[in-house]
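What the coordinates show
Read off the chains here:
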Amino acid sequence: MDIIYDGGMEELATEKEAEESHRQDSVNLLTFILLLTLTILTIWLFKHRRVRFLHETGLAMIYGLLVGVILRYGIPSTSYHNKTPPSCTLQEGPVSTVLLNVSGKFFEYTLKGEINLKEIHSVEQNDMLRKLTFDPEVFFNILLPPIIFHAGYSLKKRHFFRNLGSIITYAFLGTAISCFVIGNLMYGVVKLMQVLGQLTDKFYYTDCLFFGAIISATDPVTVLAIFNELHADGDLYALLFGESVMNDAVAIVLSSSIVAYQPSGANTHTFDASAFFKSVGIFLGIFSGSFAMGAVIGVVTLHCFPLLETALFFLMSWSTFLLAEACGFTGVVAVLFCGITQAHYTYNNLSEESTKRTKQLFEVLHFLAENFIFSYMGLALFTFQNHVFSPIFIFGAFIAIFIGRALNIYPLSFLINLGRRHKIRGNFQHMMMFAGLRGAMAFALAIRDTATYARQMMFTTTLLIVFFTVWVFGGGTTPMLSWLHIRSEFKRLNRKTKQESAWLFRLWYTFDHNYLKPILTHSGPPLTSTLPACCGPLARCLTSPQAYENHEPLRDNDSDLILNEGDLTLTYGDTAITANGASSSSGPEGSGGNWEDALERELDTREHELLSRGTRLVFPMEDHA
């Protein structure tokens, strides 16, 4: 009878604890939803008041910090564990799962991570703080995919492809330079800390290189948002946006390659040539495999009901990330190129309703995920239990990322300008140097592994670097644009009326428009009109039947890449200007006068209408084959 009574009491206690845990989880999720709601309301107020000194991401971090302070110091401990924890000895170190026999009943316990001895009776015992610390895989598998996919899907292809060579140089070579410069400088800082007795555990050279890789991932979301509002120079926007998108992909593959660096012999942290080249091979293999997987999955589509189209489009994009991770590749690279491919090809196969749905869906997911991450950054400063604050390491990291960014931008810009007809001007280079903010990707890479002393110090330092760059550099974007005399793109276009395209992309456009688009989309010229007559059967087999019926032009701006004399027309107000300098006006002032002066007057008098009216660029959609 006593056994039945004890068992019943145990079940009641278990049910009560489960109910309490459920309530706690609801409170935690409600906390984040309220944070996002408060951020959105404040963003609305800032936009209404035209406040630009603080971006929404910086605002989300501030609210996260405030809530973190309240949760850390304003709520008493709620843990049921008040006794000293039992001790045991394991020969093989910590294990992920432990089975315990308690009075004849077996209980399973899972590893949560190491607990700081000083915090064992305070922070860790607070169930709310413990549960607010998310599993790092939540960031990688749920929050990062919509952010990266939206970056590729919303890419402005005209400016991106026009500057593709420069973007690739900054993203690949620049990130590698930044990684090794920061890594070597931080190794010197670590040696200094060792001499001064400020290092309490192991910190290897490969750890320094890993920190250099993750902190080289730039995220100028604040700067780009202000660029978009002020309609800053399109090429500068493309250089920064393209570099940040590609740079994230390179940084994550580079960090994976550094982790895979394993020299043979007893000392696994010395330089070994064979291990180095093996890491380079891993880098190339992971990147190329991820790129191929994303591009292949990106062209898969289903032309059916709009709701099913949107659902499939959404699932295919997300599954690209997970499939790449499951196959040992990098999901960030795969989902990025999946987004670019879907915007370039699959978008043309969707119905009009589906195109609007997908664009709005991913825009909302991107907005919520990004602000959620930045809100969590503020919380993590107070809820994360294993911070390692080292003033010397933090100060050294700030100096190192500044030097690494400078040795990335200025030397590479000099080399790039040797082959560019339209040079990257000095004020553009200064702005790119200033806009090297750190954000969601650096944070996600740092929090993914905090098991060792070195990784915990990296995470804490990364968090502080993100705070500083978003608040200080992000808030200083508008004054910096004015100080560097970077004009609005609208005012710049009245002096730059002719654009040019590299010969490589003229060839690519012709090949893509005449052969790839007819195969992968329902639009474009049928292959029977572009392939030789001898390939007639093959052309009819590969061409979609809808291509013969659909005579509408492709719904993209690929032809923006190919601009010739007279192709460009700028229309503002009642004034129209072509690339050859001719102008026309339907108003009374159109009969004479200097067209540059007339447009300048239009721009100056109607500057307050930019957001509502904007500028319309008219490009002919003709076949340049």
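Within each chain, residues carry numbers counting from 1 in the order of the written sequence. With the structure being a predicted model, the display of local features is reserved for residues of pLDDT at least 70 and the display and counting of side-chain atom pairs for 80 or more, all residues being used for whole-chain, interface and lining totals. Neither water nor hydrogens contribute to the side-chain values; these are computed over all heavy atoms in the structure.

The name given to the protein in an unreviewed UniProt entry is Sodium/hydrogen exchanger, and the organism recorded there is Cyprinus carpio. UniProt positions are given in the numbering used here, feature names are shortened, and annotations may be inferred rather than shown by experiment. Among the UniProt annotations of the protein, the heading Sequence similarities (unreviewed entry) holds the following wording: "Belongs to the monovalent cation:proton antiporter 1 (CPA1) transporter (TC 2.A.36) family."

This brings us to the overall build of the protein. Think of it this way: any DSSP run of H or I at least four residues long counts as a helix, any run of E at least two long counts as a strand, and we number them from the N terminus. When you go through the protein residue by residue, the secondary structure sums to 24 helices and six strands. Any pair of residues with heavy atoms lying within 4.5 Å of one another is described as a contacting pair. At a minimum sequence separation of 6, the contacts of the protein that also span at least 24 residues come to 81%. For the area figures, the Shrake-Rupley method with a 1.4 Å probe applies, and any residue is considered shielded solely by the protein chains shown. A total of about 31,300 Å² of accessible surface is found on the protein, and carbon and sulfur atoms cover 63% of it.

So, about the environment of alanine 171. Relative to the helices and strands, alanine 171 resides in helix 6 (residues 164-195). Think of it in three bands: residues with accessible area under 20% of the maximum for their type are buried, residues over 50% are exposed, and the middle band is partly exposed, with areas taken using a 1.4 Å probe on protein chains only. On the accessibility criterion, alanine 171 (0% relative accessible area) is buried. Between the C-alpha atom of alanine 171 and that of aspartate 248, which follows or precedes it by 77 residues, the distance is 8.3 Å. Excluding residues within four positions of it along the chain, alanine 171 makes contact with Glu243, Met246, Asn247 and Val250.

All right, on to the packing of helix 11 (residues 306-326) against helix 12 (residues 331-344) then. It is the contact of helix 11 with helix 12, at a shortest axis distance of 7 Å, that shows an interaxial angle of 150 degrees. Considered as vectors, helix 11 and helix 12 are oriented roughly antiparallel to each other. Crossing geometry of helix 11 relative to helix 12 is assigned as right-handed. Contact residues: helix 11 offers Phe313, Met316, Ser317, Thr320, Phe321, Ala324 and Glu325, while helix 12 offers Gly331, Val332, Ala334, Val335, Cys338 and Gln342. Three classes are used, and their members are as follows: Ala, Val, Leu, Ile, Met, Phe, Trp, Tyr, Cys and Pro are nonpolar, Asp, Glu, Lys and Arg are charged, and the others, Gly among them, are polar. The residue makeup of the contact of helix 11 with helix 12, split by class, is eight nonpolar, four polar and one charged. Axis definition: a line fitted to C-alpha atoms, limited for helices to the stretch in contact. Angles are taken between N-to-C directions and run from 0 to 180 degrees. By definition in this entry, angles of less than 35 degrees are roughly parallel, angles greater than 145 are roughly antiparallel, angles of 65 to 115 are roughly perpendicular, and the rest are oblique. Should the near helix be turned anticlockwise from the far one by less than a right angle, the crossing is termed left-handed; should it be turned clockwise, right-handed.

Let us now look at a nonpolar patch on the surface. Residues with no salt bridge and a relative accessible area higher than 30% make up the patches, which join like charges within 9 Å and nonpolar side chains (Val, Leu, Ile, Met, Phe, Trp, Tyr) within 5 Å. Salt bridges are counted wherever a side-chain nitrogen of Lys or Arg sits within 4 Å of a carboxyl oxygen of Asp or Glu. Taken together, the side chains of Leu185, Phe395, Ile399, Phe402, Ile403 and Leu407 present a nonpolar region at the surface, about 570 Å² in accessible area. With five residues, the single largest contributor to the nonpolar patch is helix 14 (residues 391-417). Within the fold, leucine 407 resides in helix 14. On the basis of relative accessible area, leucine 407 is assigned to the partly exposed category, the value being 40%.

What follows concerns the pairing of strand 2 (residues 105-110). Of all six residues in strand 2, zero are buried; the element is thus mostly exposed. Pairing between strands is defined by DSSP: at least two bridges between them are needed. Where strand 1 (residues 97-102) and strand 2 come together, six bridges link them in antiparallel fashion. Within the sheet, the bridge partner assigned to leucine 99 lies in strand 2 and is glutamate 108. Following strand 1, the chain reverses through two residues before pairing antiparallel with strand 2; serine 103 in that reversal takes a positive phi of roughly 55 degrees.

The next point concerns the environment of isoleucine 167. Mapped onto the elements of the fold, isoleucine 167 is located in helix 6. Expressed as a C-alpha distance, the spacing of isoleucine 167 and leucine 239, which sit 72 residues apart in the sequence, is 5.8 Å. Beyond its immediate sequence surroundings of up to four residues, isoleucine 167 is in contact with Phe160, Ala238, Leu239, Gly242, Glu243 and Met246.

Moving on, we come to helix 13 (residues 352-383). In this analysis, the expected span of each helix is defined as 1.5 Å times one less than the number of residues it contains. Spanning 32 residues, helix 13 covers 46 Å between terminal C-alpha atoms, matching the ideal 46 Å at 1.5 Å per step. Bend, in this description, refers to the angle at a residue between axes fitted to the seven residues ending there and the seven starting there. Maximum bend of helix 13: about 25 degrees, positioned at methionine 377.

Within the element layout of this structure, leucine 542 appears in helix 22 (residues 536-542). For the pair formed by leucine 542 and isoleucine 519, sequence separation is 23 residues and the distance between their alpha carbons is 5.8 Å.

Most peptide bonds take the trans configuration, and most residues that are not glycine carry a negative phi. Of note in the backbone geometry, histidine 485 takes a positive phi value of approximately 60 degrees without being a glycine. Checked against the element boundaries, histidine 485 lands in the loop between helix 18 (477-483) and helix 19 (489-493). Residue classification places histidine 485 among the exposed positions, given a relative accessible area of 64%.

Attention shifts here to the packing of aromatic side chains. To pair, rings of Phe, Tyr and Trp, with the six-membered ring standing in for Trp, must have centres within 6.5 Å; the planes then decide the type, stacked if under 30 degrees apart, edge-to-face if over 60, and tilted in the middle. For the coordinates displayed, the defined rule picks out 25 aromatic pairs. Centre to centre, the rings of phenylalanine 287 and phenylalanine 337 are 6.3 Å apart; their planes meet at 80 degrees, and the pair counts as edge-to-face. Here the residue phenylalanine 287 occupies a position in helix 10 (residues 273-298), and phenylalanine 337 occupies one in helix 12, the gap between them amounting to 50 residues. Given a relative accessible area of 11%, phenylalanine 337 falls into the buried group. Each ring, one from phenylalanine 443 and one from phenylalanine 459, has its centre 5.7 Å from the other, and the planes form 45 degrees; the classification is tilted.

Our next topic: the nonpolar core. One finds Phe211 and Met431 to be the most contacted residues of the largest nonpolar core, which totals 125 residues. Take this core: its biggest share by element is 14 residues, from helix 9 (residues 234-259). With residues up to four places along the chain from it excluded, the contact list for methionine 431 reads Val223, Phe227, Leu236, Thr477, Met480, Leu481, Leu484 and Ile486. As used here, the term nonpolar core means buried Ala, Val, Leu, Ile, Met, Phe, Trp, Tyr and Cys residues forming a set that is joined through side-chain atoms within 4.5 Å. In this structure, Met293, Ile297, Ala324 and Ala334 belong to the second largest nonpolar core, which totals five residues.

This part covers the pattern of salt bridges. The tally for this structure, following the rule as stated, stands at five salt bridges. Among the salt bridges present, the one from arginine 448 reaches glutamate 325, with a minimum N-O distance of 3.7 Å. Here arginine 448 is found in the loop between helix 16 (440-447) and helix 17 (453-475), whereas its partner glutamate 325 is found in helix 11, with 123 residues between them in sequence. Overall, arginine 448 belongs to the partly exposed group, its relative accessible area being 32%. Judged by relative accessible area, glutamate 325 falls into the partly exposed class, the value being 23%.

To continue, consider the side chain of asparagine 427. Tracing the backbone through its elements, the reader meets asparagine 427 in helix 15 (residues 426-434). Under the relative-accessibility criterion, asparagine 427 is labelled buried at 16%. Any pair of N or O atoms that falls within 3.5 Å is considered a polar contact. Within protein, one atom must be able to donate a hydrogen and the other to accept it, and sequence-neighbouring residues count only if both atoms are side-chain atoms. At 3.2 Å, the side chain of asparagine 427 and the backbone oxygen of leucine 484 are in polar contact. Discounting chain neighbours no more than four positions away, the residues touching asparagine 427 are Leu484, His485 and Ile486.

Over its 14 residues, helix 12 extends 20 Å from the first C-alpha to the last, a length consistent with the 20 Å expected when each residue adds 1.5 Å. By the criterion of burial, helix 12 is predominantly enclosed, with 14 of the 14 residues buried.

Now for the packing of helix 2 (residues 56-73) against helix 13. Between helix 2 and helix 13, whose axes approach to 6 Å, the crossing angle comes to 40 degrees. Classified by the interaxial angle, the pair formed by helix 2 and helix 13 is oblique. Helix 2 and helix 13 meet at a crossing whose hand is right-handed. Between helix 2 and helix 13, the residues in contact are Glu56, Thr57, Ala60, Met61, Gly64, Leu65, Val67, Gly68, Val69, Leu71, Arg72 and Tyr73 and Phe367, Glu370, Asn371, Phe374, Ser375, Met377, Gly378, Leu379, Leu381 and Phe382, respectively.

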